[in-house]
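Chains, contacts and geometry: an overview
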Amino acid sequence: MTNALKKITCAGVTALAVLSMAGCAHGPSRSQLGTGAGAVVGGVAGNALFGSTLGTVGGAAAGALVGNELSKGGRGGRRR
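In every chain, residue numbers begin from 1 and rise along the written sequence. Per-residue local features of the predicted model are confined to residues with pLDDT of at least 70, and side-chain atom pairs are confined, for both listing and counting, to 80 or more; whole-chain, interface and lining totals are unaffected and use all residues. Computation of side-chain values covers all heavy atoms of the structure but excludes hydrogens and water.

1. Concerning the overall build of the protein
Convention followed: Runs of H or I in DSSP of at least four residues are treated as helices and runs of E of at least two as strands, each being numbered from the N terminus. Burial classification: accessible surface area is computed with a 1.4 Å probe over protein chains only, and a residue below 20% of its type maximum counts as buried, one above 50% as exposed, and the rest as partly exposed. In what follows, residue pairs with any heavy atoms lying within 4.5 Å of each other are defined as contacts. Computed with a 1.4 Å probe, the accessible areas rest on the Shrake-Rupley method; for each residue, only the protein chains presented here act as cover.
Regarding its fold elements, the protein presents 3 helices and 0 strands. Listed N to C, the secondary structure of the protein is α-α-α in terms of helices and strands. Residue burial in the protein is summarised as follows: out of 80 residues, 15% are buried. Considering only contacts within the protein whose residues lie at least 6 apart along the sequence, 53% involve residues at least 24 apart. When the accessible surface of the protein is summed, it comes to about 6300 Å², and 70% of that surface belongs to carbon and sulfur atoms.

Okay, here's the thing in structure tokens:
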């Protein structure tokens, strides 16, 4: 890879990272927090139970789904 191509690639990746983070300028919603927390707990549990990368990824995915669903409910029950 030439030096100029490396610089262009690096600039493109940096610009993409800056633009993707600009969408996170406000605090996370309750649903986003629930999804993130569920993914972390699920990943740790999946790794502890299965001890493999597949177990960790599967646990994180399942935890994210559960965390997202649990964080959707408000004081008055499920939203429509």
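2. Some remarks on the pattern of salt bridges
Put simply, the rule is: Should a side-chain nitrogen of Lys or Arg be within 4 Å of a carboxyl oxygen of Asp or Glu, the pair is scored as a salt bridge.
A full pass over the atoms with the stated rule returns 1 salt bridge. One salt bridge in this structure joins Glu-69 and Lys-72, with 3.2 Å as the shortest N-O distance. Here Glu-69 and its partner Lys-72 are both found in helix α3 (residues 53-72), 3 residues apart, which amounts to about one turn of the helix. Taking the relative accessible area as the measure of exposure, Glu-69 reaches 37% and is therefore partly exposed. For Lys-72, a relative accessible area of 37% corresponds to the partly exposed category.

3. Here we look at the UniProt feature "domain: Glycine zipper 2TM" (unreviewed entry) in the protein
As a reminder, the rule being used: UniProt positions are given in the numbering used here, feature names are shortened, and annotations may be inferred rather than shown by experiment.
UniProt marks residues 33-70 with the feature "domain: Glycine zipper 2TM" (unreviewed entry), using the numbering shown here. Secondary structure content for residues 33-70 is 95% helix and 0% strand, and the end C-alpha separation is 11 Å.

4. Some details on the packing of helix α2 (residues 30-50) against α3
Test applied: Fitting a line to C-alpha atoms yields each axis, with helices limited to the stretch in contact; the angle taken between N-to-C directions then spans 0 to 180 degrees. When the near helix sits turned anticlockwise from the far one by under a right angle, the crossing is termed left-handed; a clockwise turn instead gives a right-handed crossing.
At their nearest, the axes of α2 and α3 sit 6 Å apart, and the two run at 150° to each other. Pair α2 / α3 crosses with right-handed handedness. Residue-level inspection shows Arg-30, Ser-31, Gly-34, Thr-35, Gly-38, Ala-39, Gly-42, Gly-43, Gly-46, Asn-47 and Phe-50 of α2 in contact with α3, the latter providing Gly-55, Thr-56, Gly-59, Ala-60, Gly-63, Ala-64, Gly-67, Asn-68 and Ser-71.

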